[in-house]
Amino acid sequence: MSDLLLIRADGNAVIGSGHVMRCLALAEGWQRVGGRAVFALAECTPALERRLLSDGIEAMRLDVIRGSARDATQTAELAKERHVAWIVADGYRFDTAWQREIKDSGLRLLLWDDYGHAQHYCADLILNQSLNASAKMYSRRDPSTRLLLGMRYVQLRREFLDWRNTRRDTPARARKVLVTFGGSDPDNVTGKVIQAIGDLQDVEATVVVGGSNPNVKFLKSSISDLSYPIRLVVDALNMPELMAWADLCVSAAGSTCWELAFLGVPSILTVIAKNQKSIAESLEEAGIARNLGLAAAVSPGAIAKEIDILARSPQKRSAMSERSRSLVDGAGASRVVNVLRRVIKKEPGSVRS
């Protein structure tokens, strides 16, 4: 029986690193039970490739357009050549035709999805770790397609799991603010938040950006001209420590939300991509975060106001922290890995074994 996962995910300065990093969490869970993983990448930043290699994970390049017919063919050929146990695909271009070619090749497929974007689903498993995930999103699926839905399946990398029992204090006045918009942020929402923080008093901010962020030089220059202290961290290697340090966080409504929830960090969210809208709305409804809506439509003044309100509300921050920690327990990767292994054991001797 093969013990190899082939993970098809991409991350660059435009689409961000979230897809690769959450797949890395699943790969680490697979490694914990003795398995191996290889990433097949059509697009990836050097920083992400270095991160994969540091985790002992092989990274291969595919000369394809994401989600194309050639992509599906090469992925299937590679999977057969390497005798993989599963293909894991994460991205919004892996449509019905892409899935069908993988399945017609006799391979097992887990598809990571966030909002039911495909016309039809034929993967063996669909993984959606969002709070608002529901079977209705996937009514157009093969009868054999199984669903893994909700925050019990949130994938967290081992660097976060090491902080599982970290105690969180709730000061009367929050002063330590973390700002993070993932590995890309091409619209420079980070710059808007920095401007917002300039309108506040008694705030200590740490701003985290990816090395592929096209605005890094501009942000460094902007911060150097300010009269108030802001620390800029590029390609942070200690995100759990920074989150544990923060009294609150201003973030995009992407995969970082689940990491913040696990560590109980009260959060203010903005939406920078289509798939984030429902995530931000559901997290606010659940009392985990404050949703400011589309980042392009919110002003620095509005951001500053929300930071100030939350900073002065210890009861609200405490409730947000407790609620978020109750919803993300850190066992998501183990749950998914157990499902993958059970499927393999039920199919001995098949083309897929």
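Everything numeric here is computed off the predicted structure, so don't read it as measured data. (Residues numbered from 1 in each chain as written. Predicted model: local features only at pLDDT ≥ 70, side-chain atom pairs only at ≥ 80, totals over all residues. Heavy atoms only, no water.)

Caption draft 1: Quick peek at the overall build of the chain. In terms of helices and strands, the chain carries 13 helices and 13 strands. Within the chain, the fraction of its 353 residues that count as buried is 57%. Intrachain contacts of the chain at a sequence separation of at least 6 include 63% that bridge at least 24 residues. Between the mean site of the 47 positive side-chain charges and the mean site of the 40 negative ones, the chain shows a separation of 4 Å. (Helix = DSSP H or I, 4+ residues; strand = E, 2+ residues; numbered from the N terminus. Buried < 20%, exposed > 50% of the residue type's maximum accessible area, 1.4 Å probe, protein only. Contact = heavy atoms within 4.5 Å. Lys, Arg positive; Asp, Glu negative; His and termini not counted. Charge placed at Lys NZ, Arg CZ, Asp CG, Glu CD.)

Caption draft 2: Molecular detail of the sheet that holds strand β1 (residues 4–9). Spatial ordering of the open sheet is given by β3-β2-β1-β4-β5-β6-β7, a layout of 7 strands whose pairing is parallel. Two strands lie at the open edges of the sheet, namely β3 (58–61) and β7 (146–149), each paired on one side alone. Here the average twist between neighbouring strands, direction ignored, is 20 degrees. Strand direction decides the pairing type here: strand β4 (residues 86–90) and strand β5 (residues 109–112), joined by 4 bridges, are parallel. Counted as the bridge partner of D90 is W112 from β5. Running over the sheet, helix α2 (residues 46–54) touches β2 (36–41) and β3 and is turned about 140 degrees from β3. Across the sheet, helix α3 (residues 69–82) lies against β1, β2, β3 and β4, angled at about 165 degrees from β1, the strand it touches most. (Pairing = 2+ DSSP bridges. Axes fitted to C-alpha atoms, helices over the stretch in contact; angles between N-to-C directions.)

Caption draft 3: Inspection of the sheet that holds strand β12 (residues 267–271) at higher detail. With respect to topology, 6 strands assemble into an open sheet ordered β10-β9-β8-β11-β12-β13, the strand pairing being parallel. The outermost strands of the open sheet, each flanked by one partner alone, are β10 (230–234) and β13 (289–294). Neighbouring strand axes in the sheet, compared pairwise and without regard to direction, differ in orientation by 15 degrees on average. Relative to strand β9 (residues 204–209), strand β8 (residues 176–180) runs parallel, the two sharing 5 bridges. The residue of β9 that forms the bridge with V179 is V207. The strands touched by helix α7 (residues 216–224) within the sheet are β9 and β10, with β10 carrying the most contacts at an inclination of about 160 degrees.

Caption draft 4: Main features of the environment of R175. Looking at where R175 falls in the secondary structure, it is placed in the loop between α5 (158–161) and β8. With 26 residues separating them in the primary sequence, R175 and Q201 have C-alpha atoms 8.8 Å apart.

Caption draft 5: Examining the nonpolar core more closely. Membership of the largest hydrophobic core comes to 32 residues, with the highest contact counts inside it found for L5, I7, F39, W86, L110, V336 and L340. Counting residues per element, the ones that place at least two in this core are β1, α1 (18–32), β2, α2, β4, β5, β6 (125–128) and α13 (332–345). Per-element accounting of this core gives the leading share, 7 residues, to α1. Apart from residues no more than four positions distant in its own chain, L110 is found in contact with W86, I87, V88, A89, L125, L127, V336 and L340. Within the second largest apolar cluster, 31 residues are counted, among which are V179, I197, L292 and I307. (Core = buried A, V, L, I, M, F, W, Y, C linked by side-chain atoms within 4.5 Å.)

Caption draft 6: Just α13, in detail. Between its first and last C-alpha atoms α13 spans 20 Å; for 14 residues at 1.5 Å apiece the expected length is 20 Å, and the two agree. For α13, the full list of buried residues reads G332, A333, V336, V337, V339, L340, V343 and I344. Seen along its axis, α13 keeps its buried residues to an arc of 155 degrees; they face one direction. Here the buried face of α13 lies against β1, α1, β4, β5, β6 and β7. (Expected span 1.5 Å × (residues − 1). Arc of directions from axis to C-beta.)

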